[in-house]
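Below, each chain spelled out in residue letters.
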Amino acid sequence: KLAAWQLVYRQPEPWTFRGSYAVSYGADRRTDQSDSVANVETTYVWPTLSEMAADFAMGGGETAYLLESTWRRPWARVRTAWRDVEPEFETVLGRSTFQGERGLAMDASLQPWDRWDYTASFDVFRDRLFPNPAEPDALNLSYGLASSYRLTDRMSVRGFYDWQNQAGRVSPFKDRRFGGSL
């Protein structure tokens, strides 16, 4: 069984505050799972320009943080996010996204012309939940680039390149992919 409460305080922009608390109970609940999680988040929005957000959660004595900033224009968006999620942090439903990771992610999308757009992403993080036993402090890196051009309203051409070096995983690997589509 699950019960949750959420309190949202919205004043006229730019600030929004949100707090929540969830509990899990009953005979069918796993004993190794967190029985409660508290969360506080806030967002500050600059009209038509950007926003910043912070999210803090605590469950089972472990913590998770997310700090994010986004810059926007009609033709572009750039987002940067820092995450620090403890290896043992879980929600009342089980494992959380990014569990055990500490890292920085950035992504951008640009549409300088009506029919042409570009996207790029970069992520670097340390896996503390399932680290590489031979190199427990090794970083995981990935980046991607893509571009597409709309030939007509129903047809476009797209190209992409993705690169990963997951040296900090329990099973490290490197991967490179590129391709296109019509």
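Preceding block: the structure.
Cut-offs applied
- Residues numbered from 1 in each chain as written.
- Predicted model: local features only at pLDDT ≥ 70, side-chain atom pairs only at ≥ 80, totals over all residues.
- Heavy atoms only, no water.
- Patch = residues over 30% accessible without salt bridge, like charges linked within 9 Å, V, L, I, M, F, W, Y side chains within 5 Å.
- Areas by Shrake-Rupley, 256 points an atom, 1.4 Å probe, with all protein chains shown as cover.
- Salt bridge = Lys/Arg side-chain N within 4 Å of Asp/Glu carboxyl O.
- Helix = DSSP H or I, 4+ residues; strand = E, 2+ residues; numbered from the N terminus.
- Buried < 20%, exposed > 50% of the residue type's maximum accessible area, 1.4 Å probe, protein only.
- Core = buried A, V, L, I, M, F, W, Y, C linked by side-chain atoms within 4.5 Å.
- Contact = heavy atoms within 4.5 Å.
- Pairing = 2+ DSSP bridges.
- Axes fitted to C-alpha atoms, helices over the stretch in contact; angles between N-to-C directions.
- Phe/Tyr/Trp six-rings, centres within 6.5 Å; stacked < 30°, edge-to-face > 60°.
- Lys NZ or Arg CZ within 6 Å of the ring centre and 35° of its normal.

Chemist: Any chance you could explain a nonpolar patch on the surface here in plain terms?
Modeler: Among the surface-exposed residues, Trp-71, Trp-75, Val-78, Leu-110, Trp-113, Trp-116 and Tyr-118 lie close enough to one another that they form a single nonpolar patch of about 680 Å² accessible area. Residue assignment for the nonpolar patch shows that the elements contributing at least two residues are strand 9 (101-113) and strand 10 (116-127). If you trace the backbone, Trp-75 turns up in the loop between strand 5 (62-73) and strand 6 (76-85). The partly exposed category is assigned to Trp-75, whose relative accessible area is 46%.

Chemist: How do you make sense of the nonpolar core when you look at a structure like this?
Modeler: As a rule of thumb, soluble globular proteins bury nonpolar side chains together. In this structure, Ala-22, Val-37, Ala-57, Ala-64, Val-85, Phe-89 and Val-92 together form the largest nonpolar core, which totals seven residues. Residue contacts for Ala-57: discarding those within four places in its chain leaves Ala-38, Asn-39, Glu-62, Thr-63, Ala-64 and Phe-89.

Chemist: Please clarify how the pairing of strand 2 (residues 15-24) should be interpreted in this entry.
Modeler: Every other side chain in a regular strand lies on the same face of the sheet, so the side chains alternate between the two faces. When strand 1 (residues 2-10) meets strand 2, the two strands line up antiparallel, connected through nine bridges. In the strand pairing of strand 2, Arg-10 is matched with Thr-16. Pairing analysis gives nine bridges linking strand 2 to strand 3 (residues 36-46), with the strands arranged antiparallel. Counterpart to Gly-19 in the pairing with strand 3 is Val-40.

Chemist: I tried to follow the sheet that holds strand 5 on my own but got confused; where do I start?
Modeler: Strands in a sheet are paired, the pairing made by backbone hydrogen bonds, and the direction either parallel or antiparallel. Overall, antiparallel pairing links the 11 strands, which are arranged 1-2-3-4-5-6-9-10-11-12-13 in an open sheet. The open sheet has two free edges, formed respectively by strand 1 and strand 13 (173-181), since each of these has just one partner strand. Taken pair by pair, the neighbouring strands of this sheet meet at an average axis angle of 10 degrees, ignoring direction. Strand direction decides the pairing type here: strand 4 (residues 50-59) and strand 5, joined by 10 bridges, are antiparallel. By the bridge assignment, Ala-54 is partnered in strand 5 with Leu-67.

Chemist: How should I be thinking about unusual backbone geometry in this particular structure?
Modeler: A negative phi angle is the norm for most residues apart from glycine, just as the trans form is the norm for most peptide bonds. Here Phe-98, not a glycine, exhibits a phi torsion of approximately 65 degrees, which is positive. For Phe-98, the location among the structural elements is in the loop between strand 8 (94-95) and strand 9.

Chemist: Can you help me understand the packing of aromatic side chains in this one?
Modeler: Where two aromatic rings form a pair, the distance of their centres and the angle of their planes describe that pair. Counting across every chain of the model gives 12 aromatic pairs. With a centroid separation of 5.5 Å and 15 degrees between ring planes, the pair formed by Trp-15 and Phe-17 is classed as stacked. Consider the rings of Tyr-143 and Tyr-161, whose centres lie 6.1 Å apart with planes at 45 degrees: the pair is tilted. Taken together, the positions of Tyr-143 in strand 11 (residues 140-150) and Tyr-161 in strand 12 (residues 156-166) put the pair 18 residues apart, joining distant regions of the chain. Through successive ring pairs, a cluster of aromatic residues spans Tyr-9, Trp-15, Phe-17, Tyr-44 and Trp-46. Above the plane of the ring of Phe-98 lies Arg-83, whose end atom (NZ or CZ) is 4.7 Å from the centre.

Chemist: Teacher, can you tell me more about the environment of Tyr-149 here?
Modeler: Tracing the backbone shows Tyr-149 in strand 11. With a relative accessible area of 30%, Tyr-149 lands in the partly exposed category. As for Tyr-149 and Tyr-118, which are separated by 31 residues in sequence, their C-alpha atoms are 9.1 Å apart. When neighbours within four sequence positions are excluded, Tyr-149 is seen to be in contact with Arg-115, Trp-116, Ser-156 and Val-157.

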